[in-house]
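For reference, the chains in residue letters:
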Amino acid sequence: PVSKACSTLPDRGQDYASELIEVAAEAGIRDAIVTQFLYPPSGVMADPWSEKATGWVNSAISRLDALASRGDLDAIRQLALVHMQSEFGVKDDKQAIEYLGMYIKQSPPNDPNRSVMQASINSLCGRFDFGANTNPCGDD
């Protein structure tokens, strides 16, 4: 019902959408939490290392982590994507590999995203030398 009501509102731009998603995410609405990185405030994209942007990113990651810890596959996938990209200032290939692996372990065998996640792991592991003591690509 909320999304139908919101769809009737006139488009007020990216920052307005970001504000609506932020309010919903803060209220604990799962879909808003999972999609929050798709609607970042313009200031976050303009200066991802600013104090305001860092606070927004950390809050969004914290909410995703809470969902991921309960096994939410969409949250796990979103965390992997956020850590694979540099747009939000939190690029961390080892962390991305851990979330990708978590997704593969927890998803059902017929999940079409499993092959994409495995290909991402293979790509990251093939590109970087993490060192023997910190290698997230080793066999478990």
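An account of the accompanying structure is given in this report.

About the thresholds
- Residues numbered from 1 in each chain as written.
- Predicted model: local features only at pLDDT ≥ 70, side-chain atom pairs only at ≥ 80, totals over all residues.
- Heavy atoms only, no water.
- Helix = DSSP H or I, 4+ residues; strand = E, 2+ residues; numbered from the N terminus.
- Phe/Tyr/Trp six-rings, centres within 6.5 Å; stacked < 30°, edge-to-face > 60°.
- Buried < 20%, exposed > 50% of the residue type's maximum accessible area, 1.4 Å probe, protein only.
- Axes fitted to C-alpha atoms, helices over the stretch in contact; angles between N-to-C directions.
- Parallel < 35°, antiparallel > 145°, perpendicular 65-115°, else oblique.
- Left-handed = near helix turned anticlockwise from the far one by under 90°.
- Contact = heavy atoms within 4.5 Å.
- Nonpolar A, V, L, I, M, F, W, Y, C, P; charged D, E, K, R; others polar.
- Expected span 1.5 Å × (residues − 1).
- Arc of directions from axis to C-beta.

### Examining the environment of Val-23
As for its position among the elements, Val-23 is in helix 2 (residues 14–26). A C-alpha to C-alpha distance of 9.9 Å links Val-23 and Ile-33, two positions 10 residues apart in sequence.

### Some details on the packing of aromatic side chains
The tally for this structure, following the rule as stated, stands at three aromatic pairs. Residues Phe-37 and Phe-88 carry aromatic rings whose centres are separated by 4.8 Å and whose planes lie at 70 degrees to one another, so their mutual orientation is edge-to-face. In this pair, Phe-37 is assigned in the loop between helix 3 (30–35) and helix 4 (42–46) and Phe-88 in the loop between helix 6 (73–84) and helix 7 (93–106), connecting sequence segments 51 residues apart. Neither Phe-37 nor Phe-88 differs from the other in exposure class; each is buried. What links up through ring pairs into an aromatic cluster is the set Phe-37, Trp-56 and Phe-88.

### Let's talk about the packing of helix 6 against helix 7
Relative to each other, helix 6 and helix 7 sit at 155 degrees, their axes nearing to 8 Å. In terms of their interaxial angle, helix 6 and helix 7 are classed as roughly antiparallel. In this structure, the crossing between helix 6 and helix 7 has a hand that is left-handed. Side by side, helix 6 and helix 7 meet where Leu-73, Ile-76, Arg-77, Leu-79, Ala-80, His-83 and Met-84 of the first sit next to Asp-93, Gln-95, Ala-96, Tyr-99, Leu-100, Met-102, Tyr-103 and Gln-106 of the second. The residue inventory of the contact of helix 6 with helix 7, partitioned by class, reads 10 nonpolar, three polar and two charged.

### Some details on helix 5 (residues 51–69)
The terminal C-alpha atoms of helix 5 lie 27 Å apart, and with 19 residues this matches the ideal 27 Å at 1.5 Å per residue to within 8%. Buried within helix 5 we find Ala-53, Trp-56, Val-57, Ala-60, Ile-61, Arg-63, Leu-64, Leu-67 and Ala-68. Buried positions in helix 5, seen along its axis, are confined to an arc of 160 degrees and lie on one side of it. Of the residues in helix 5, the exposed ones pointing more than 90 degrees away from the buried face are Glu-51 and Ser-69. Phi for Gly-71, located one or two positions after helix 5, is positive at around 90 degrees.

Coordinates in, geometry out; function isn't part of it.
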